[in-house]
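Coordinates in review
The chain contents come next:
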Amino acid sequence: TEQNERLTRLVRTLLDMSELQSVARNDKIELHSLIEEVLTDLEPLAQEKNVELIQKTQNLRDEKAENKTADLILTGSDILIYRMLYNLVENAIKYNKPGGWVHVTLNADHQYFYLKVEDSGIGIPEDSLEHIYERFYRVDKSHSREIGGTGLGLAITRNAVLMHRGAIKVFSTEGEGTIFNVRIPLNYIA
C-alpha cells in the first residue's frame with residue numbers, strides 16, 4: 001500500500017541520516033558528470049511535470065585551458081554530493097509550475113565550487129525559510145501527500161553540505177521561484 005511505501009521511504013531516509021557521519025569522504029568526484037547523472041535520473045519527473053531542466057556551466061578555472069571543465073574534481077563523498085544535488089533538483093521540479101524551468105549552474109574558482117539551483121516554481125513563504133532544513137518540516141501541509149517525500153530531503157542536503165565544510169543559502173519569492181546556492185571547498189579534507 002501507499003502507506004507502507006511511505007514508511008519504507010521514511011525508514012530508509014532515517015537510516016541514511018544516521019549513517020551520514022560514518023560515510024567516507026575521499027571519493028574523487030567529477031562534478032559535471034555527477035550533475036549530468038542527476039539531471040538524467042530526474043528527467044522523467046521533469047517531463048511528467050512539464051518542467052524544463054537546463055544545465056549551465058560558467059567560466060571555470062583557467063580560461064586558457066581547452067577543456068575548462070575537465071579538472072573540476074571535488075574530494076568528498078560521491079553518495080552525499082549526489083544526494084544533495086538530487087534533493088535540490090527534485091524539489092525544484094516538484095514545487096514548480098507546468099511549463100516552468102530549473103537551471104543548474106556550476107561554477108568554481110581555485111578554492112570552491114559553487115552550485116546554484118534556480119527554479120520558476122511556487123516559492124517558499126518568508127516565514128518558512130528559516131525552518132526548511134528542519135527534519136519533517138513541510139511548507140505546504142495541504143499538498144504534502146500529493147507531492148510525496150518524507151520531509152527529510154533538505155535536512156539531508158544541509159547535512160551533506162556541512163559535512164563537506166560547505167555553506168548553503170536560499171533565496172525565494174513566493175509565486176516566482178527559489179534559488180539555492182551551495183559553496184563547497186574543492187580540496188575538502190575529512
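The structure we're discussing is the one just above.
Quick look at the structure, then.

Cut-off values and rules
Starting afresh in each chain, residues are numbered from 1 along the sequence in its written order. Predicted model: local features are reported for residues with pLDDT of at least 70 only, side-chain atom pairs are reported and counted for 80 or more only, and whole-chain, interface and lining totals are derived from all residues. Side-chain measures here rest on the full set of heavy atoms in the structure, leaving out hydrogens and waters. For two strands to pair, DSSP has to find at least two bridges joining them. Each helix corresponds to a stretch of at least 4 residues labelled H or I by DSSP, and each strand to a stretch of at least 2 residues labelled E; elements are numbered beginning at the N terminus. Axis definition: a line fitted to C-alpha atoms, over the contacting stretch in the case of helices. Angles run 0 to 180 degrees between N-to-C directions. Residues count as neighbours in contact if any of their non-hydrogen atoms are within 4.5 Å of one another. Note on classification: 1.4 Å probe, protein chains only; a residue is buried when its accessible area is under 20% of the maximum for its type, exposed when over 50%, partly exposed between these limits.

1. As for the sheet that holds strand E5 (residues 112-119)
Either a parallel or an antiparallel arrangement is found when strands of a sheet pair, and the pairing is made through backbone hydrogen bonds. One open sheet accounts for five strands, arranged E2-E4-E5-E7-E6; its pairing is mixed. Single-partner strands in this sheet number two, and they are strand E2 (51-57) and strand E6 (167-173). Strand-to-strand twist in this sheet, taken as the mean axis angle between neighbours without regard to direction, amounts to 10°. Bridge count for E6 against strand E7 (residues 177-185) is seven bridges, and the pairing is antiparallel. Residue Ala-167 lies in a different strand from E7, and its bridge partner there is Arg-183. Against the sheet, helix H5 (residues 153-163) contacts E6 and E7, and its axis sits at roughly 140° relative to E6.

2. A look at unusual backbone geometry
What is expected of a backbone is that most residues other than glycine have negative phi and most peptide bonds are trans. Notably, Asn-50 is not glycine yet its phi reads approximately 55°, a positive angle. Relative to the helices and strands, Asn-50 resides in the loop between helix H2 (31-49) and E2. The exposure class of Asn-50 is partly exposed, given its relative accessible area of 47%. Its identity is not glycine, yet Arg-165 carries a phi of approximately 55°, on the positive side. Residue position: Arg-165 is located in the loop between H5 and E6. When its relative accessible area of 55% is taken as the criterion, Arg-165 is described as exposed.

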